[in-house]
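Residue-level listing of the chains:
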Amino acid sequence: AQKVTQTQTSISVVEKTTVTMDCVYETRDSSYFLFWYKQTASGEIVFLIRQDSYKKENATVGHYSLNFQKPKSSIGLIITATQIEDSAVYFCAMRDHTNAYKVIFGKGTHLHVLP
Amino acid sequence: EAAVTQSPRSKVAVTGGKVTLSCHQTNNHDYMYWYRQDTGHGLRLIHYSYVADSTEKGDIPDGYKASRPSQENFSLILELASLSQTAVYFCASSDGQGAEQFFGPGTRLTVL
């Protein structure tokens, strides 16, 4: 069965440092898609970055990057040079071919960026 | 700019009453979704649709119906609202099976 697990419920970091948020997933498919989303304090949910399972290169968008470790079924989100406005809840999500129309979300990690 | 809108943004309903939440997208996406978010939890899929006039059950469909009358519109219907359905509801759309989702602003539903 599909499953996405985020074990870190809350992380606090000092502004301008780097943070990594963990995510592990379960799927029987060899091809799948992984996503990270950000939910701000206002409730808005926005897409940040994605990783296709067949790509070996880690995706990077702005100051977001991924640490994709396929043998470990792990997809970590790395935020470099954190800013106060990065404070939010971050969700990891997965879609595979067995259930191509469904996206499974983790429970989220609350990031607090402190001045 | 392409967008997903939801109405109403907030609603108070009485137990046993009927509630309809509406979602409209201008993304020209085939796929649309309804999620429920409870405090401290992630997003749980209620219903989804990949073509007009067809809907599919998600992971927690009990107590909910969905309607997709057109590509742009997707509604979530609570025929007999219950206290346990108090939550924030998000609609989303996506283009293709491997694509990211675009979310609406959410509807805060309180059932009394």
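Residues numbered from 1 in each chain as written. Chains lettered and ligands numbered in written order. Predicted model: local features only at pLDDT ≥ 70, side-chain atom pairs only at ≥ 80, totals over all residues. Heavy atoms only, no water.

This paragraph deals with the confidence of the model for chain A. Of the residues in chain A, 100% have a pLDDT of 70 or more, and the chain-wide mean is 94. Put simply, strand β11 (residues 104-105) of chain A is where chain A has its lowest mean pLDDT, 90, and strand β9 (residues 74-79) of chain A is where it has its highest, 98. (pLDDT = per-residue confidence, 0-100. Helix = DSSP H or I, 4+ residues; strand = E, 2+ residues; numbered from the N terminus.)

All names here are of chain B. In this sheet, strand β5 (residues 43-51) lies alongside strand β4 (residues 31-37) in antiparallel orientation, the contact comprising six bridges. Of the residues in β5, the one forming a bridge with W34 is H47. Relative to strand β6 (residues 54-57), β5 is paired through three bridges, and the arrangement is antiparallel. By the bridge assignment, V51 is partnered in β6 with S54. (Pairing = 2+ DSSP bridges.)

Let us now look at the layout of surface pockets. In this structure, the largest pocket spans a volume of roughly 610 Å³. Counting residues per element, the ones that place at least two in the lining of the largest pocket are β10 (88-96) and β12 (109-114) of chain A together with β9 (87-94) and β11 (107-111) of chain B. Split by residue class, the lining of the largest pocket holds 10 nonpolar, 18 polar and four charged. What lines the second largest pocket is a set of 16 residues, among which I104(A), F105(A), K107(A), L43(B) and R44(B) lie closest to the centre. Those elements that place two or more of their residues in the lining of the second largest pocket are β1 (3-5) and β11 of chain A together with β5 of chain B. (1 Å grid on protein atoms, 1.4 Å probe; cavity = no way out; pocket = protein on both sides within 12 Å on 5 of 7 lines; lining within 4 Å. Points joined across faces, edges and corners; volume = space filled by probe spheres on them. Nonpolar A, V, L, I, M, F, W, Y, C, P; charged D, E, K, R; others polar.)

The next subject is the interface of chain A and chain B. Across the boundary between the two partners, chain A contributes 19 residues, which contact 20 residues of chain B. Between chain A and chain B lies a buried interface of about 1800 Å² when both sides are counted; carbon and sulfur atoms form 57% of it. Looking at the side of chain A facing chain B, the largest losses of area belong to I45(A), Y101(A) and F105(A), adding up to 36% of the total buried there. Residue K102(A) pairs with D59(B) through a salt bridge whose shortest N-O separation is 2.8 Å. Here chain A and chain B share six residue pairs in polar contact (both at pLDDT 80 or more) between them. Among the elements of the structure, β5 (32-39), β6 (45-52), β10 and β11 of chain A are those that each provide at least two residues to the side of chain A that touches chain B. (Contact = heavy atoms within 4.5 Å. Buried area = accessible area lost by both parts, 1.4 Å probe. Salt bridge = Lys/Arg side-chain N within 4 Å of Asp/Glu carboxyl O. Polar contact = N/O pair within 3.5 Å; in protein donor to acceptor, adjacent residues only side chain to side chain.)

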